[in-house]
Amino acid sequence: RAKSAGGDSSAIYDVRMTGRATGRLDLESDLRLALDRNELSLNYQPIIDVSTEGAVGFEALLRWHHHEHGPIMPDAFIPIAEETGMILPIGTWVLREALRQVQQWRTQVPGAENFTAAVNISGRQLVAGDFPDVVEAAIRDTGIDPAAIHLEITETVLMDQPDLPKETLQRLARLGVGLSIDDFGTGYSSLSYLKWLSARTLKIDRTFVEELGADPHGATIIELVLGMAESLRLDVVAEGVETAVQLGELRRLGVRLAQGYLWSKPLPAERIPAWLRSHPANVAAAISAPVAAG
Ligand code: C2E
Ligand code: MG
Ligand code: MG
Ligand code: MG
């Protein structure tokens, strides 16, 4: 499915266009080779403190540049990666690469020393027994502060995994990494479930942000989520903020963190330093921060 003109600059290849019979099989076997062929990369979207409009961290978003078909968006290939189990090696690569990159910014870009790294994790990864070992090794090898790591898991995935290994969650908590519930509001989590998971962050799904300013219902849902988050002491991030009207509404409601095209699309790593310099709040943070060595 091609995204609209305002969408992500990399587009636009749909598995369904190739027909299920051949296309899907091709993609499946090509996905097995994609890692070795260096066809996978990460884009980074800033997460914004709405009071200053400066970045507080980045979410890593996976991209596949297919040697024949060109860019393929994650919605078109993550499901295949999950069904085939390829998400395990791919997910490990994503985690290690995202942590390496964000840690590099934290140590080399003035004002970036407290940036957080948000990484999307699939349910398959979470139930694989060695997931905490993978996370622990990535922390050790990159040297990043575990508290800077946010593992994003979609609410629906959590609902579909009734037998989430409690030991995995406990080990992740002991490592000090945070859990974010992605696309929050689209599933049906109960309060007790959120508490049990010891999540740190709720990411309000884009569909509710879209309704802000247009449909009074949008604000109602977000108010409910904020109330719940406050009692459970969770951070809230609003996803998919595209307009100043939406930002105004989010501020009025008391949302502190957001991400969306209003500030930036997900960008390749090499474009992030220039993006940081061109946004005044980041420059101010960099001036007041101690100069990093080296
Ligand atoms: P998500 O984690 O909820 O990521 C947010 C999606 O919204 C991203 O789509 C992002 O590009 C898009 N987005 C951000 N701001 C805006 C906006 O203002 N307007 C609109 N219309 N869209 C916005 P993307 O990159 O296509 O990723 C789609 C989904 O694929 C992600 O949703 C996530 O669930 C999954 N995904 C991406 N990378 C990975 C990965 O490395 N591993 C796993 N397991 N899943 C991933
Ligand atoms: Mg996410
Ligand atoms: Mg989301
Ligand atoms: Mg999503």
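Each remark here, short or long, concerns the structure printed above.
An account of the accompanying structure is given in this report. The shown structure was predicted, so the numbers you read here are calculated from the model rather than taken from an experiment. (Residues numbered from 1 in each chain as written. Chains lettered and ligands numbered in written order. Predicted model: local features only at pLDDT ≥ 70, side-chain atom pairs only at ≥ 80, totals over all residues. Heavy atoms only, no water.)

### Considerations on the overall build of the protein chain
Check the secondary structure of the protein chain and you find 13 helices and 10 strands. For the protein chain, with 294 residues in total, the buried portion stands at 51%. The long-range fraction of contacts in the protein chain, counting pairs at least 24 apart against all pairs at least 6 apart in sequence, stands at 69%. Carbon and sulfur atoms provide 54% of the accessible area of the protein chain, an area that totals close to 13,900 Å². (Helix = DSSP H or I, 4+ residues; strand = E, 2+ residues; numbered from the N terminus. Buried < 20%, exposed > 50% of the residue type's maximum accessible area, 1.4 Å probe, protein only. Contact = heavy atoms within 4.5 Å. Areas by Shrake-Rupley, 256 points an atom, 1.4 Å probe, with all protein chains shown as cover.)

### Brief notes about the environment of Ile87
Locating Ile87 in the fold gives a position in helix H3 (residues 87-108). Overall, Ile87 belongs to the buried group, its relative accessible area being 5%. C-alpha of Ile87 to C-alpha of Ile153: the two residues are 66 residues apart in sequence and 14 Å apart in space. When sequence neighbours within four positions are dropped, the list of residues in contact with Ile87 reads Ile78, Ala81, Glu82, Thr92, Ser122, Arg124 and Gln125.

### Observations regarding the coordination of the magnesium ion (ligand 3)
Protein-derived ligands of the magnesium ion (ligand 3) are Asp182 (OD), Asp183 (OD), Glu239 (OE) and Glu239 (OE), with the metal-ligand distances lying across 2.0 to 2.4 Å. Within one chain, the residues donating to the magnesium ion (ligand 3) are spaced in sequence as D-D-x55-E. The distance between the magnesium ion (ligand 3) and the magnesium ion (ligand 2) comes to 4.4 Å, with Asp182 serving as a donor to both metals. Of the two residues, Asp182 is situated in strand E6 (residues 178-184) and Glu239 in the loop between strand E8 (235-238) and helix H11 (244-253); the sequence distance between them amounts to 57 residues. (Donors = N, O, S within 2.8 Å, 3.2 Å for Na, K, Ca; no water.)

### Digging into the coordination of the magnesium ion (ligand 2)
All of the protein donors around the magnesium ion (ligand 2) are Glu59 (OE), Asn120 (OD1), Glu152 (OE) and Asp182 (OD); their distances to the metal are 2.0 to 2.2 Å. Considered as a linear motif, the donors of the magnesium ion (ligand 2) on their single chain read E-x60-N-x31-E-x29-D.

### What to know about the pattern of salt bridges
As enumerated under the stated definition, the model contains 11 salt bridges in all. For Asp30, the salt bridge goes to Arg37, with nearest N and O atoms at 4.0 Å. Since its relative accessible area comes to 14%, Asp30 is described here as buried. Across the salt bridge formed by Lys203 and Glu59, the nearest N and O atoms sit 3.0 Å from each other. Pair noted here: Lys203 is in strand E7 (residues 201-204) and Glu59 is in strand E2 (residues 54-66), with a separation of 144 residues, a long-range link. With respect to burial, Lys203 and Glu59 carry one shared label: buried. (Salt bridge = Lys/Arg side-chain N within 4 Å of Asp/Glu carboxyl O.)

### Re the side chain of Ser122
Relative to the assigned elements, Ser122 resides in the loop between strand E4 (116-120) and helix H4 (123-127). On the basis of relative accessible area, Ser122 is assigned to the buried category, the value being 6%. Apart from the residues lying within four places of it in its own chain, the contact partners of Ser122 are Glu82 and Ile87.

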